Amino acid sequence: MVLSGVPYEFRGHVNGTVADFQSLGWTELPDWIGDLTDLTQLFLYGNRLAELPDWIRNLTNLSVLSLGANEFTEIPAVIGKLTNLTTLSMHVNQLTSLPDSVGDLSNLSTLGLEDNQLTHLPDSIGNLSNLRTLGLEDNQLTRLPDGVGDLTNLTTLSLHINQLSDLPDWMGNLTNLSTLSVGANQLTHLPDWIGNLTSLSKLFLDRNRLTRLPDAIGNLSNLTQLHLDENRLEQLPGRLADILTDRLSLRLAGNPLADPLPELVSRGNAELAAYLRTLGEAVPLYEAKLLLVGEGNVGKSSLVAALEGAPFMERRPTTHGIEISPIPFRHPDLDADMILRAWDFGGQEVYRVSHQFFFSPRALYLVVWHARQGQDQNEVEGWLRRIRVRVGEGAVALVVATHSKERLPDLDYPHLQRLFPEMVAGGYEIDSSDGTGVAALRTAIGVRAAALPQMGQRISPRWMAAREAVLALAETDPQIPYERFAEICGRSDLVGEETGTLAKLMHDLGLVIYYDEDEGLKDVVVLNPEWLTKAISYVLDDRATSDAGGVLDHARLKDIWQDRDGGYPARYHPYFLRLMEKFDISYRLDGDETHSLVPQMAPHQRPALPWDAADRPPTGVRSLSLTCRMSEPASGLIPWLAARHHKASTGKYWRRGVFLRHPIDAYRSEALLSLTRDDELALEVRAPSPDLYFNVLRDSIEDLITTRWPGLTYQLFVPCPGRASDGIACPGRFRLDGLLRVREYGRTSIYPCADCGQIYEISALLTGFTHPSRPLAAQVEQIHDQLAEITASVGGLRWQTAEIAEIAETVRRVSRVVAAEVTDCPRLFTLDRRRTGLLDRMRFQQDHYLLTLWCEHPGSEHPWDPATYELDPPKEWFARVAPYVRLVLRTLQLVVPVAAAIDVAALPHPQQPGAQARLDVMEAIVADLPAGAPELTGREFADREGDAGKLSPAEGQALRAVRQIVFEHDPLHAFGDMRRVQAPAGDLLWVCPAHYPEYDPGLPTLP
Ligand SMILES: Nc1nc2c(ncn2[C@@H]2O[C@H](COP(=O)(O)OP(=O)(O)OP(=O)(O)O)[C@@H](O)[C@H]2O)c(=O)[nH]1
Ligand SMILES: [Mg+2]
Ligand SMILES: [Zn+2]
Ligand SMILES: [Zn+2]
């Protein structure tokens, strides 16, 4: 059949009994079609038809009639005469009702009505007893006729985007359903009968108002996709654990889940299941964090002592790092004790950057201040801001003035309450020297803490016991080997996954520090975060390091750590240094195991730079810039960016900026990142083709801001490219989102700069910011075409820098899109045919294949033979995976020559030479793959414009099918020992052991 492949450009024709008249711009059907009475299939998709002529009744042999994407407002009753129809598709029209005669189409197996304006369906629909697929997505249905309950052969029922407020009980009879899609309706309740639909593999309930799930959901053991995003779920039923396998893709974003569920959900199915299984035995836990913040010397530690009932101390020593102490409180309403863990932060300026790490959401904050000279409203405001940008509006803060006997505090509370309406929950005045006001504050803390969402969260008594045993150890052992942790858990009867889950949960809750995925740290559990923060604080306080502009001589570590506070024995030092790296506080200077850089201790003075924003770039070098304006200053942004991009370090850094060079020399890309104001970051990238590095850095900035400061909002600006005649850059700038809006809706393609008066093409201003508005596969093809042209014109010369970087940019775009779909499995691979002996071939008619996963280290992607799986999949599998296999092949065909072109001699890239040969084999396999069949229902056609830069539904499905077969062949998910790492821009990549040290250098060797 000619229909596969490219239906849009196809000019209609008749082939045997199949007539394809798609997208011909017809407003009316020509009468001669009525004479084609032999027709069995008639495709009229994508015309502008509004009426079906009466002669259509003559086409009684039709089994497929496609009327999608036309302008029908109604379908005449005559349609009921086409009783041989098995497929009728009318999606993307403007139908408001259907004729009763639809019920006469008793052979119908597929009825596609997506994207119309149906408010009801005729009862006769219940007669379509052969119906298997019923697509009603995107209509205005408030209910369905009961007759639908008789359609027991239905396998797919799509009701996405309608206005159903409940699911009728008869739906529980549709036991053959494998896909039920009811997303974007108004469901408040999921009935228990959902557990009867055991054939379901896809259940979409996203964007409803569900507040709970029934236990029966645990019966749906065939589910592979369960979408529950954007509902109102706070808890999950224990029986959900029964279906949380690798195969299930569970989406829960946008639900107000109670602690510790959000952490567990993000950790993945196995750990969520381990936790949910323990819920049967769970008891409530009354515990929360109380954080005391404020400037140095204001009386935070004295307040903790007062709350503990300890005596007042004149001249209390300053706090190094953080001190944590549990304080018992009575629950105000229940007969229960609460434990508040007070985190007393050292207030000195040097700690400001690193302490933010310990600000957690869903905790109670005391902002402590002392009304004496130099201390005013602004500082209290500053701390409230710092809390808000780190944890968002969810935090609750009390403002506490100390020394109230000496001086009456003068603070404008109403003003603070206006500024932080959700956060500030009251102002208190105390004096720790004699306990004035402490009792009242204590009561207020109790009331506020009791109202925190996780107060009373349920936890298994076994977990609780293990947790207590571990925490009790912290008194004597600041850290223990993971083995010991597991042993303690074993004594409390934790089994299997539970131990690892508890360790990670305690890490997420700030009780211990444990990095299970770090080469050097995975064997240690730090029981005493305070012990660690203190050790870090001694480095930040170190005079010699500060004098050296933040360069930490490892030889100094002995002096810094050994002889402090009863000592930090030398065997811990490598762990400390590695932990500092995990916190982005320091990094080892390249090729030098003897020094580290602590960017937050960098000199204030800006060094001389190779170029500056004011210089014009030389010919052949393009420049791309952006400015990021933040709602608040984000202290630590520059040091953290510098630490993340330390592989790109040029040794040119200062307190407010850093100059970087892309670690792959061939890209010849340089970048200047600097704070132009406390709340404004400027980025400029210069290169023959700057887009790749520009996007990497932009993603990195956005990723860092959104993950580290969830309460911070920011806006991106495109600087005006204009220059005055004396070469001075124009100070004008354009809001990026504004330009995008104007481009989308506006009638103009030009835009003036209010500063210099120049007029610019919007598309030119957006260079570097937007991607072609075409599907991903088409973008990959385009770059192939471009390269073919270049190769032809320059006679096969080596590609130039600009082209290499441009290809790498396309490859990165593909991998980001793919990574948005699948993160728990490597995503690049090649296919090979297994060479079998003649005898084998005679015995098994079937072909055998080898699938080899690739290491995804950018610029050095390569096949990784230890992750090779032998497959003998059925032909249908190939049909299913074909769309993604093609995309991978075309992408790898770009990757391999890039890796060869850039000089990566310094980086390990094993097996590179064999890569091209593998692609040739794969190309032959791909050439044999079945072509896709035309789609009749669903939104795939309708959305073809909107899917730019995303995987098509078919590609996404294919990718998941590849993942599934890999999981089946590699049940332990070993992937030949490849591991997942985070690239500086936040991308998650899978890399081989040879590339792993690029991301995780392991423990340092100290002198
Ligand atoms: N009279 C009086 N003195 C206080 C009060 N609170 C604290 N002090 C004294 O002020 C000094 C500083 O108090 P700390 O509690 O150590 O202050 P801090 O905020 O913990 O300081 P850092 O740990 O350096 O951030 C100590 O000498 C206390 O004795 C108070 O309410 N009244
Ligand atoms: Mg203190
Ligand atoms: Zn301008
Ligand atoms: Zn590798």
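About the cut-offs
- Numbering of residues starts from 1 in each chain and follows the order in which that chain's sequence is written.
- All chains are assigned letters beginning at A, and all ligands numbers beginning at 1, according to the order in which they are written.
- Side-chain atom pairs in this predicted model are given and counted only at pLDDT of 80 or more, local residue features only at pLDDT of at least 70, and totals for whole chains, interfaces and linings cover all residues.
- Only heavy atoms go into the side-chain values, all of them from the structure, while hydrogens and water stay out.
- Strands here mean DSSP runs of E at least two residues long; helices mean DSSP runs of H or I at least four residues long; both are numbered from the N terminus.
- Computation of the radius of gyration draws on C-alpha atoms, with the globule rule given as 2.2 Å multiplied by the number of residues to the power 0.38.
- For the exposure calls, accessible area comes from a 1.4 Å probe over protein chains only, and a residue counts as buried if that area is under 20% of its type's maximum, exposed if over 50%, partly exposed in between.
- In what follows, residue pairs with any heavy atoms lying within 4.5 Å of each other are defined as contacts.
- When charges are counted, neither His nor the chain ends are considered; positive counts come from Lys and Arg and negative counts from Asp and Glu.
- The atoms used to mark charge sites are NZ of Lys, CZ of Arg, CG of Asp and CD of Glu.
- Any two strands between which DSSP finds at least two bridges are classified as paired.
- Consider each residue's heavy atoms; a residue with any of them within 4 Å of a molecule or strand counts as near.
- Here a polar contact is taken to be a pair of N or O atoms separated by no more than 3.5 Å, where protein atoms must pair a possible hydrogen donor with a possible acceptor and residues adjacent in sequence count only if both atoms sit in side chains.
- Areas reported as accessible are Shrake-Rupley estimates using a 1.4 Å probe. Residue values count occlusion only from the protein chains shown.
- Here the term charged refers only to Asp, Glu, Lys and Arg, the term nonpolar to Ala, Val, Leu, Ile, Met, Phe, Trp, Tyr, Cys and Pro, and the term polar to all other amino acids, Gly among them.
- Metal sites are built from N, O and S donor atoms within 2.8 Å, or 3.2 Å for Na, K and Ca, and they leave out water, so they may look incomplete.
- When four donors show all angles between 85 and 135 degrees the site is tetrahedral, when four or six donors have opposite pairs over 155 degrees and all other angles between 65 and 115 it is square planar or octahedral respectively, and in every other case it is irregular.
- Working convention: axes come from line fits to C-alpha atoms, limited for helices to the stretch in contact. Angles between N-to-C directions cover 0 to 180 degrees.
- On a scale of 0 to 100, pLDDT captures the predictor's confidence in every residue.
- An angle below 35 degrees is treated as roughly parallel, one above 145 as roughly antiparallel, one from 65 to 115 as roughly perpendicular, and anything else as oblique.
- What counts as a salt bridge is simple: a side-chain nitrogen of Lys or Arg found within 4 Å of a carboxyl oxygen of Asp or Glu.

A separate point is the overall build of the protein. The secondary structure content of the protein amounts to 25 helices and 39 strands. Relative to the 2.2 N^0.38 estimate, which gives 30 Å for 1007 residues, the radius of gyration of the protein is 32 Å and therefore close to what a compact globule would have. Viewed in the frame of its principal axes, the protein has a C-alpha envelope of about 105 × 75 × 75 Å. For the protein, the proportion of its 1007 residues judged to be buried stands at 54%. Taking as baseline every contact in the protein between residues at least 6 positions apart, the subset at least 24 positions apart corresponds to 58%. Of the side chains in the protein, 94 bear a positive and 132 a negative charge, and the two mean positions are spaced by 3 Å.

What follows concerns the pairing of strand E37 (residues 862-871). Pairing geometry for strand E36 (residues 849-855) and E37, over 6 bridges, is antiparallel. From the neighbouring strand, Thr 852 faces E37, where its bridge partner is Thr 868. Between E36 and E37, which follow one another and run antiparallel, lie 6 residues, and Gly 859 among them has a positive phi close to 90°.

Moving on, we come to the site of ligand 1. For ligand 1, the set of nearby residues contains 22 residues, the closest of which are Ser 302, Met 313, Thr 318, Thr 319 and Asp 431. A distance of 3.0 Å is found between an oxygen atom of ligand 1 and a backbone nitrogen or oxygen belonging to His 403. Its free accessible area being 650 Å², ligand 1 has 90% of it covered by the protein chains. Looking at the shell around ligand 1 residue by residue, the classes come out as 3 nonpolar, 13 polar and 6 charged.

For the zinc ion (ligand 4), the full set of protein donor atoms is Cys 855 (SG), His 862 (NE2), Cys 992 (SG) and His 995 (ND1), and the range of their distances to it is 2.0 to 2.3 Å. Each of the 4 donor atoms bound to the zinc ion (ligand 4) contributes to angles spanning 100 to 116°, and the resulting shape is tetrahedral. Sequence spacing among the residues donating to the zinc ion (ligand 4) works out to C-x6-H-x129-C-x2-H. A residue pair is termed long-range when its members are at least 10 positions apart, and Cys 855 in strand E36 and His 995 in the loop between strand E39 (988-991) and helix H25 (996-999) qualify at 140 residues. Here His 995 falls in the buried class, since its relative accessible area comes to 0%.

Moving on: the sheet that holds strand E27 (residues 649-654). The 7 strands are arranged E27-E28-E29-E30-E26-E31-E32 in an open sheet whose pairing can be described as antiparallel. The two strands at the open ends of the sheet, each matched to only one other strand, are E27 and strand E32 (733-735). Direction aside, the axes of adjacent strands within the sheet are offset by 20° on average. Two strands pair when backbone bridges link them, and strand E28 (residues 657-661) and strand E29 (residues 670-677) are joined in this way by 5 bridges, in the antiparallel orientation. Each bridged residue has a counterpart across the sheet, and for Arg 661 the counterpart in E29 is Glu 670. Each of strand E26 (622-630), E28, E29, strand E30 (680-687) and strand E31 (714-719) is contacted by helix H16 (residues 691-708), which is oriented at about 10° to E26, the strand it contacts most.

Attention now goes to the confidence of the model for the protein. When the pLDDT values of the protein are averaged, the result is 86; 92% of them are 70 or greater. For the protein, helix H21 (residues 838-843) is the element with the lowest average pLDDT, namely 55, and helix H3 (residues 300-308) is the one with the highest, namely 97. Low pLDDT, under 50, characterises residues 1-11; the stretch is placed with 24 contacts to residues that sit more than four places away or in other chains. Throughout residues 933-946 the model reports pLDDT below 50, and contacts reaching past four residues in sequence, or to other chains, amount to 29 contacts.

Before going further, it helps to spend a moment on the sheet that holds strand E24 (residues 587-588). One open sheet holds the 3 strands; their spatial order is E23-E25-E24, and the pairing between them is antiparallel. Single-partner strands in this sheet number two, and they are strand E23 (551-553) and E24. In this structure, E24 lies alongside strand E25 (residues 595-597), joined through 2 bridges in antiparallel fashion. Counted as the bridge partner of Arg 588 is Ser 596 from E25.

Coordination of the magnesium ion (ligand 2) by the protein comes from Ser 301 (OG) and Thr 319 (OG1), over a distance range of 2.0 to 2.1 Å. Separated by 18 residues along the polypeptide, Ser 301 in helix H3 and Thr 319 in the loop between H3 and strand E15 (322-330) bring together distant segments of the chain. With respect to class, Ser 301 is no different from Thr 319; both count as buried.

Running from N to C, helix H11 (residues 529-540) and helix H14 (residues 573-582) cross one another at 85°; their axes reach a closest spacing of 10 Å. Comparing the axis directions of H11 and H14 gives the class roughly perpendicular. Contact with H11, carried on its side by Trp 531, Leu 532, Ala 535, Ile 536 and Val 539, involves Phe 576, Leu 579 and Met 580 of H14 and no other residues of that element.

Take the environment of Asp 335 next. Mapped onto the elements, Asp 335 comes out in the loop between E15 and strand E16 (337-345). Considered as a pair, Asp 335 and Phe 769 are 434 residues apart in the sequence and their alpha carbons are 58 Å apart. Polar contacts involving the side chain of Asp 335 include one to the side chain of Arg 330, which spans 2.4 Å.

Moving on, we come to the side chain of Ser 537. Structurally, Ser 537 can be placed in helix H11. Judged by relative accessible area, Ser 537 falls into the buried class, the value being 1%.

Counted under the stated rule, the structure contains 55 salt bridges. Residues Glu 519 and Arg 979 are paired through a salt bridge, measuring 2.6 Å at the closest nitrogen-oxygen approach. Of this pair, Glu 519 sits in the loop between helix H10 (498-508) and strand E22 (524-526) while Arg 979 sits in strand E38 (residues 979-982), and the two are 460 residues apart along the sequence. Looking at Glu 519, the relative accessible area reads 31%, which means it is partly exposed. One salt bridge connects Arg 813 with Glu 809, and the closest N-O pair in it is separated by 2.7 Å. You can see Arg 813 and its partner Glu 809 sitting in helix H20 (residues 801-821), 4 residues apart, about one turn around the helix. The pair formed by Arg 813 and Glu 809 is uniform in burial state, with each residue classed as buried. It is possible to trace a salt-bridge network through shared partners that takes in Asp 518, Arg 578, Glu 581, Lys 582, Arg 588, Glu 593 and Asp 1000.

Backbone geometry places Glu 230, a non-glycine residue, at a positive phi of 55°. With respect to the helices and strands, the residue Glu 230 is situated in the loop between strand E11 (225-227) and strand E12 (249-251). The backbone of Arg 315 shows a phi angle near 45°, a positive value even though the residue is not glycine. Within the secondary structure layout, Arg 315 lies in the loop between H3 and E15.

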